Amino acid sequence: MGTAPATGTVTVRPARAADVPDIFDNISHWAGQGRMLVRPMQNIFENLRDFFVAEEHTAEGPVFAGNGALHLLWGDIAEVRGLCVAPGIQARGVGRQLVAACEEEARRVGIPTLFAWTYEVGFFEKCGFTLIEKNSDLHPRVWSECLRCPFFVGCNENGVVKHLEGVPRPVNLPEPPAAIVPPGIR
Ligand SMILES: CC(C)(COP(=O)(O)OP(=O)(O)OC[C@H]1O[C@@H](n2cnc3c(N)ncnc32)[C@H](O)[C@@H]1OP(=O)(O)O)[C@@H](O)C(=O)NCCC(=O)NCCS
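Here we summarise the structure given alongside this text. Given the structure is predicted, the values throughout are model-derived calculations rather than measurements.

Reading the values: the criteria
Here the residue index of a chain counts from 1 through its sequence in written order. Per-residue local features are limited, in this predicted model, to residues with pLDDT of at least 70; the limit for side-chain atom pairs, both in listing and counting, is 80 or more; totals at the level of whole chains, interfaces and linings are taken over all residues. Here, nearness means that the C-beta atom of a residue, built from backbone geometry, sits within 6 Å of the molecule or strand in question. In DSSP terms, a helix is any run of H or I states spanning at least four residues, a strand is any run of E spanning at least two, and both are numbered starting from the N terminus. Residues are grouped as follows: Ala, Val, Leu, Ile, Met, Phe, Trp, Tyr, Cys and Pro are nonpolar; Asp, Glu, Lys and Arg are charged; all remaining types, including Gly, are polar. Among buried residues, those of type Ala, Val, Leu, Ile, Met, Phe, Trp, Tyr and Cys that are joined through C-beta atoms within 7 Å form a set called a nonpolar core. Counting other C-beta atoms within 10 Å of its own, a residue is labelled buried from 20 upward, exposed at 12 or fewer, and partly exposed in the gap between, with every C-beta atom placed from the backbone. To estimate how far a helix should reach, multiply one less than its number of residues by 1.5 Å. Two residues qualify as being in contact provided that their C-beta atoms, derived from the backbone, are within 7 Å of each other. Paired strands, as defined in this entry, are two strands with at least two bridges between them according to DSSP. Fitted lines through C-alpha atoms give the axes, limited to the stretch in contact for helices. The angle between two N-to-C directions lies from 0 to 180 degrees.

Another aspect to go through is the site of the ligand. Around the ligand, a shell composed of 19 residues is seen, among which Q90, G95, R96, G122 and K126 lie nearest. Listing elements by their share of the shell around the ligand, those giving two or more residues are β4 (77-85), α3 (94-109), β5 (113-118) and α4 (121-126). Class assignment of the residues belonging to the shell around the ligand gives a composition of 9 nonpolar, 5 polar and 5 charged.

Dropping the structure here:
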């Protein structure tokens, strides 16, 4: 049996069904402030295997500290989404740990590029991402997802990518279906 994490430390693990209310409340909190998209609880359950949860270890036991998800878009790209740290524990490295968990999962699956839509470009740059020109540099599957977003008209989020060193593009990868570029973004 391993030793319990030290009090005050934060660890990240795959999400479980019992985490969904905390994930939902956390996303709803930040979505209410216009910092990210709202996500219905059903959507969180349906995509739960994408999600990671951060927890802070206290004398009373682990406390929910944040969530983030890695969603595969195609064989060469996956999106970091639903990323938010619980209110009150920003700037303690929790966001970086959640992104690192997504990156590790992408490496495990063999996906060479991470993508994210965000208002927090500075944070993602600290995590090794680069801002891209969203009118020309986007992967077609990213556009396809935009079509399903209720805010695609006049979207002002930024696109950021990170190419994972040492992860080759899968061989014999088929071309993704052609994307229809949504009006209002170009
Ligand atoms: C954005 C967010 C995920 C960052 O997580 P965090 O735990 O506060 O950030 P970390 O402590 O891991 O920061 C890692 C690094 O990024 C920097 N950083 C964090 N937020 C930043 C920002 N908005 N601009 C510039 N740099 C930032 C930190 O200073 C730190 O740099 P350092 O390593 O040189 O010290 C978190 O603040 C959050 O949940 N915000 C509200 C919801 C949100 O905006 N989610 C993003 C949706 S894409």
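The next thing to look at is the nonpolar core. In terms of nonpolar packing, the biggest core is built from 38 residues, with F52, A54, V80, L98, C102, L114 and A116 touching the most fellow members. Counting only elements with at least two residues in this core, the list comes to β1 (10-14), α1 (20-32), β2 (51-58), β3 (61-74), β4, α3, β5 and α5 (140-146).

We now examine α3. Taking 1.5 Å as the rise per residue, α3 with 16 residues should run 22 Å; its terminal C-alpha atoms sit 23 Å apart, in good agreement. Buried within α3 we find V94, G95, L98, V99, A101, C102, E103 and A106. On the buried face of α3, the contacting elements are β1, β2, β3, β4, β5 and α4. In the stretch just after α3, G110 is the one whose phi turns positive, near 90°.

The next subject is unusual backbone geometry. Phi at A91 takes a positive value of approximately 60°, unusual for a residue other than glycine. Summarising the element assignment, A91 is placed in the loop between β4 and α3. Judged by the 8 C-beta atoms lying within 10 Å of it, A91 is exposed. Phi is positive for N172, close to 60°, though the residue is something other than glycine. Structurally, the position occupied by N172 is in the segment after β7 (158-163).

This paragraph deals with the pairing of β2. Bridge count for β1 against β2 is 5 bridges, and the pairing is antiparallel. Within β2, the residue paired with V10 across the bridge is E56. The pairing of β2 with β3 spans 8 bridges and is antiparallel. Within β3, the residue paired with T58 across the bridge is G61. Where β2 folds back onto β3 in an antiparallel hairpin, the turn is made up of 2 residues.

Tracing the chain through its elements places Q90 in the loop between β4 and α3. According to the C-beta neighbour criterion, Q90 is partly exposed, with 13 such atoms within 10 Å. Put simply, Q90 and A65 are 25 residues apart on the chain and 9.5 Å apart in space, counted from C-alpha to C-alpha.

Moving on, we come to the sheet that holds β7. In spatial order, the strands read β1-β2-β3-β4-β5-β7-β6; together these 7 strands make up an open sheet with mixed pairing. The strands lining the two open edges of the sheet, one partner per strand, are β1 and β6 (130-131). Packed onto the sheet, α3 meets β1, β2, β3, β4 and β5 and runs at close to 40° relative to β3.

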